[in-house]
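# Chains, contacts and geometry: an overview
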Amino acid sequence: MTLIVLEVVMAAKVFWWAFFLAVTAPCLQAQQDVPNEQLGDAKRTPRLSTAADKDEPLPAGAIARLGTTRYRPTSGAKAILFLADGRTLLIATPDGRIEYWNAESGRLLRDRRLSNERFHEAVITPDGRFVAGRGFYLDPERDGLLLWAALYDAQSGRDLQRWRLNKSRQVDEQPLALSADGSTIAFDDKTDVEMVNVFDTAAESDGLSLQQDGRRIQSLALSPDGDTLAIGSPGMLTLWKWREQRQPRSVPIVGRNATDPPSIQALSFMRDGSRLAVRKGSDLSLFDPASGEETGRLDGVGWGPFSEDGQWLAAPSGPNRGSAVALWNAKTGKLLQRLETPFEGVQYLAFSKDNRLLAGVHDYGPEMCVWNLQTGERLGSDLAGHWTPPGDLRFLPGDERLVSSGDDSRIYLWDIAGSAAERLLEHAPEPNDRRRWIRALDVSPDGKYLASSGFDNTVRLWDARTGRAIYRFPGHGRLGGHRALRFTLDSKRFASWGDDMRVNLFEVATGKALVEYELAPSGVKIPTDDSQTSLGDQVNLRSGGFSPDASRLIVCLEAVHVFDAMTGRELLKFDRDERIIRDIFISRDNQYLLMLGSGIGNEKRLADGTIRHETVYSAELRTLADGELIAKMDREDGGSASAAFSPDGRTAAINVGSENARVVVVTIPEMTPIMRIDHLKRSPPALAFSNSGKLLAVSNRDTSIVVYDLVKLTGEKSAQP
């Protein structure tokens, strides 16, 4: 199920990268023709705070936490709400939790598990008592997705009611609505025809259904008392007094183009039920639900909530619809404030009950903002740390400093002893640039240089001592999801690879490209057309990376291919099994290859008789010389997102599990567990051993990095995976 969600998210990213490439293709070609560019000092110095959450207790065996945990939800949100006290913020997360945050301090107060399955959509009642969720899981027997809707008690986490929905692959096209008093729930249940089901949550009856012949249901909303159901379809608003079983009333909706009916993308009743907000295309209109008449309109406004008194409207704004938030007068349409965000992608917004605070959160990342609307300032605006989970960690020579990078375009150099950020580098041209994601990072063995590769179609070389950007090289496109970098052992050169299946070898001193070639995996036809999809997607690229000495490049397609990184000559090809390879890691002596993957889903009957749908995940150890399988570790409680070999190659750290995430240190080559790190909320995206092998850095989904002393952990009991 975790893999399904990741693939859905990656598919959405690929779509938007494809659109962006179509618009900017001429510019990309021009950049490729420019020689490697030597850069001076950065034009602007990012504001850097060295503040850390020192009052947060460290986990057992940890010696430092790098970065803040404040304002960092662990897995994004599907719904957000302020409680009546004006300070407590509720977030329903995609992984089936409800989190309680102090909006002023940005600290997590508590969280509660509602479901073991993923939420695709969620709604919280204004009093915070009930949560309605809609989600899906993989059904291996039916080879598809099974959909469900459920109602939960937010305080106890108890599952109150559950409905199984019809099978559909259009998971994102099945809306959900919950009345403000929690008395009524409605959802679309796709069959051969469009069908809306509405239920009285306190009754045992089967509820009522309304068939929408020939109309695609795009959005739903329930009046605060649950008596009126609003249904949005292209060019049509339907209002149904379902409790009175009246005949539904249809209200035609006209867009800017009279010949093209507008999409009704979202619906929302005001708290007093007197108005219905309708998002149609790029405009927002207000309707009187009693008469069906339009009473007002705001042009060019995104979708967002109304304030408690109905005077204000907050909506994502900016060039990328989410790089900022705009505050409007809901009656006059006048722009009142523009609030900047440190990240791109605000999806869910909420006003406090006294209209003093506004909170915004990302839909799938650990990114949250809270603004004081009286001053326009963002609370916690200068907190040090990443805004996305660090995807790469590297220790500099010695055990005192660590470098990290993430998809927020940021590269941090950390002082481990002081638990503080020494320096911040920004890879992307602008902080809210959609091309900001950094997908590869490396440190030269002498500790003098850093290299980064991102989706801005550049590779950059940095001075690790000063943070100065030295060179900007052509990158590997703006699409896909795979990048790799590695310095040679003498620190004089570094190799770069990405989804375009090209390899470049650069000289550090001069910035010259010494080697350039395109990989030619045996048995694989490399497309030559100008498709707007990533070349890696076209050849079913799963993962890839360089050996620690940059002598080998391993690429996982339908088979695993091992190349001489300096020449591109294929040295070895071996088949993988049916499992999907998520990532690969190579021991420093080039002897072993660790492959993380997943397998075919299955059903497991629990002690209480319920069925859990699971996927078997694996970690395989193979020899790099011939691909022979040496050892394997399988489990059914979630996948591995990261691993790392110790410097001496005698052990490896592997993250295990999803719901009960932990890091297990195993012996090599036996893969016998010898110690473990428990109580991780989510699978860590990156692990790194220090050069002495005594420390292990673990990046967390809340964007912090925790450094563990493995010597302290050695005395613990032998671990079980």
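Residues numbered from 1 in each chain as written. Predicted model: local features only at pLDDT ≥ 70, side-chain atom pairs only at ≥ 80, totals over all residues. Heavy atoms only, no water.

What follows deals with the pattern of salt bridges. Inspection of the entire model under this criterion finds 26 salt bridges. Here Arg 394 makes a salt bridge to Asp 442, at a shortest N to O gap of 3.2 Å. Placement of Arg 394 in strand β29 (residues 392-395) and of Asp 442 in strand β33 (residues 438-443) is noted, with a sequence separation of 48 residues between them. The exposure class of Arg 394 is partly exposed, given its relative accessible area of 21%. Residue classification places Asp 442 among the buried positions, given a relative accessible area of 4%. Across the salt bridge formed by Arg 483 and Asp 499, the nearest N and O atoms sit 2.6 Å from each other. Placement of the pair is Arg 483 in strand β37 (residues 483-487) and Asp 499 in the loop between β38 (493-498) and β39 (502-507), with a sequence separation of 16 residues. On the basis of relative accessibility, which here comes to 6%, the residue Arg 483 falls in the buried class. Taking the relative accessible area as the measure of exposure, Asp 499 reaches 3% and is therefore buried. A single network of salt bridges, built from pairs that share partners, joins Asp 95, Arg 97, Asp 111 and Arg 682. (Salt bridge = Lys/Arg side-chain N within 4 Å of Asp/Glu carboxyl O. Helix = DSSP H or I, 4+ residues; strand = E, 2+ residues; numbered from the N terminus. Buried < 20%, exposed > 50% of the residue type's maximum accessible area, 1.4 Å probe, protein only.)

Glancing now at the confidence of the model for the chain. Low pLDDT means the predicted coordinates in that region are not meant to be read closely. Looking at the chain as a whole, the pLDDT averages 84, with 84% of positions reaching at least 70. Within the model, pLDDT remains below 50 along residues 1-34, and this stretch shows 53 contacts once partners closer than five positions in the same chain are excluded. Across residues 41-46, where pLDDT falls below 50, the model places five contacts with residues more than four positions away in sequence or in other chains. (pLDDT = per-residue confidence, 0-100. Contact = heavy atoms within 4.5 Å.)

A word on the sheet that holds strand β43 (residues 559-564). Pairing is antiparallel in the open sheet, where four strands are placed in the order β41-β42-β43-β44. What marks the edges here is a single partner per strand, and that holds for β41 (543-546) and β44 (570-575). The average undirected angle you get between the axes of adjacent strands in this sheet is 10°. Looking at chain direction, strand β42 (residues 552-556) and β43 are connected through five bridges and run antiparallel. Counterpart to Ile 554 in the pairing with β43 is Val 562. (Pairing = 2+ DSSP bridges. Axes fitted to C-alpha atoms, helices over the stretch in contact; angles between N-to-C directions.)

Moving on to the pairing of strand β55 (residues 705-709). Burial of β55 is extensive: five of the five residues sit out of reach of the surface. Side chains Ile 705, Val 707 and Asp 709 of β55 all project onto a buried face; the interleaved residues Val 706 and Tyr 708 project onto the opposite face, where all are buried too. Of the strand pairs in this sheet, strand β2 (residues 62-66) and β55 are connected by four bridges, and their pairing is antiparallel. Opposite Leu 66, over in β55, you have Ile 705 as the bridge partner. Strand direction decides the pairing type here: strand β54 (residues 695-699) and β55, joined by five bridges, are antiparallel. Paired with Ala 697 across the bridge in β55 is Val 707.

Per the stated rule, a full pass over the model turns up 13 aromatic pairs. Between Trp 312 and Phe 351 the ring centres are 6.3 Å apart and the planes differ by 50°, which places this aromatic pair in the tilted class. Placement of the pair is Trp 312 in strand β23 (residues 312-317) and Phe 351 in strand β26 (residues 346-351), with a sequence separation of 39 residues. In this structure Phe 351 comes out as buried when scored by relative accessible area, which is 7%. Taken together, the aromatic side chains of Tyr 471, Phe 473, Phe 487, Phe 494 and Phe 506 make up a single cluster linked through ring pairs. Its end group placed over the ring of Trp 148, Arg 162 keeps NZ or CZ at 4.7 Å from the ring centre. (Phe/Tyr/Trp six-rings, centres within 6.5 Å; stacked < 30°, edge-to-face > 60°. Lys NZ or Arg CZ within 6 Å of the ring centre and 35° of its normal.)

Now for unusual backbone geometry. Glycine aside, residues mostly have negative phi, and peptide bonds are mostly found in the trans state. Geometrically, the link from Ile 668 to Pro 669 is a cis peptide bond, its omega value of 15° lying close to zero. For Asn 355, which is not a glycine, the phi torsion comes out positive at approximately 60°. Residue position: Asn 355 is located in the loop between β26 and β27 (357-362). The buried category is assigned to Asn 355, whose relative accessible area is 13%. The phi angle at Met 671 is positive, at roughly 60°, despite the residue not being glycine. Its location among the elements puts Met 671 in the loop between β51 (661-667) and β52 (673-680). Overall, Met 671 belongs to the buried group, its relative accessible area being 7%.

Right, let's talk about the side chain of Ser 307 for a bit. With respect to the element layout, Ser 307 can be found in the loop between β22 (293-298) and β23. The exposure class assigned to Ser 307 is buried, which follows from its relative accessible area of 3%. A polar contact of 2.7 Å, which involves the side chain of Ser 307, links it to the side chain of Asp 309. A distance of 3.3 Å separates a polar atom in the side chain of Ser 307 from the backbone nitrogen of Gln 311. (Polar contact = N/O pair within 3.5 Å; in protein donor to acceptor, adjacent residues only side chain to side chain.)

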